Amino acid sequence: MSINPLYKTSATATGGRDGQARTDDGRFAVTLGTPKELGGNDQGNNPEQLFASGYAACFLGAMKFAASQDKDLPRVPADASVNATVAIGPRSDKGFGLAVALVVSLPGVDRAAAEALVAEADTICPYSHAVRGNIEVTLSVA
């Protein structure tokens, strides 16, 4: 499956989980740190936090896009939010794996309409496409 790239960005990490990462344009830089639960000192942010932030923002954008394309879907209220929880742990075979839970809040939108919007956003969001079939993702409406 190929895409027609409309935007590209690059980032470089040094030092692994206890290092630094920054975008090549210099607009984003972060000190990385391993969480205590994984044997680290919890200094800095970790890749799971960055992934959770990106997935949550992207999924909210996908909901807005879906609503703009389908008049039968509800509009996304200004106070809508997506909470992404990313879990990491050892796999039963080898290495480590991830699991994601997305909880969507759409104040003032009825549950059935909100669930329809979330389901459509899941078919649009590039993060959802990237992880589908690779990690467990649960979607729910608060």
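In this report, we go over the structure that sits alongside the text. (Residues numbered from 1 in each chain as written. Predicted model: local features only at pLDDT ≥ 70, side-chain atom pairs only at ≥ 80, totals over all residues. Heavy atoms only, no water.)

**Comments concerning helix α2 (residues 111-124)**
So, point 1. The end-to-end C-alpha separation of α2 is 20 Å, in line with the 20 Å expected for 14 residues at 1.5 Å each.
So, point 2. What α2 keeps buried is the set A114, L117, V118, A121 and D122. Axial view of α2: buried residues confined to an arc of 140°, hence all on one face.
So, point 3. Where α2 begins, the side chain of D110 points an oxygen toward the backbone nitrogen of A112, at a separation of 3.1 Å. (Helix = DSSP H or I, 4+ residues; strand = E, 2+ residues; numbered from the N terminus. Expected span 1.5 Å × (residues − 1). Buried < 20%, exposed > 50% of the residue type's maximum accessible area, 1.4 Å probe, protein only. Arc of directions from axis to C-beta. Polar contact = N/O pair within 3.5 Å; in protein donor to acceptor, adjacent residues only side chain to side chain.)

**Things to note about the packing of aromatic side chains**
So, point 1. Applying the stated criterion across every chain yields a total of three aromatic pairs.
So, point 2. Centre to centre, the rings of F51 and Y55 are 5.8 Å apart; their planes meet at 55°, and the pair counts as tilted. Of this pair, F51 and Y55 both sit in helix α1 (residues 47-69), four residues apart, which is roughly one turn of the helix.
So, point 3. For F51, a relative accessible area of 21% translates into the label partly exposed.
So, point 4. Of the residues examined, Y55 reaches a relative accessible area of 0% and is grouped as buried. (Phe/Tyr/Trp six-rings, centres within 6.5 Å; stacked < 30°, edge-to-face > 60°.)

**Focus: the sheet that holds strand β1 (residues 11-14)**
So, point 1. What the three strands build is an open sheet, ordered β1-β2-β3; its pairing is antiparallel. Edge strands, defined here as strands with exactly one partner in the open sheet, are β1 and β3 (29-31). Across the sheet, the mean angle separating the axes of adjacent strands is 10° when strand polarity is ignored.
So, point 2. Here three bridges tie strand β2 (residues 20-23) to β3, and the two strands are oriented antiparallel to one another. Note that in β3 the partner of Q20 across the bridge is T31. (Pairing = 2+ DSSP bridges. Axes fitted to C-alpha atoms, helices over the stretch in contact; angles between N-to-C directions.)

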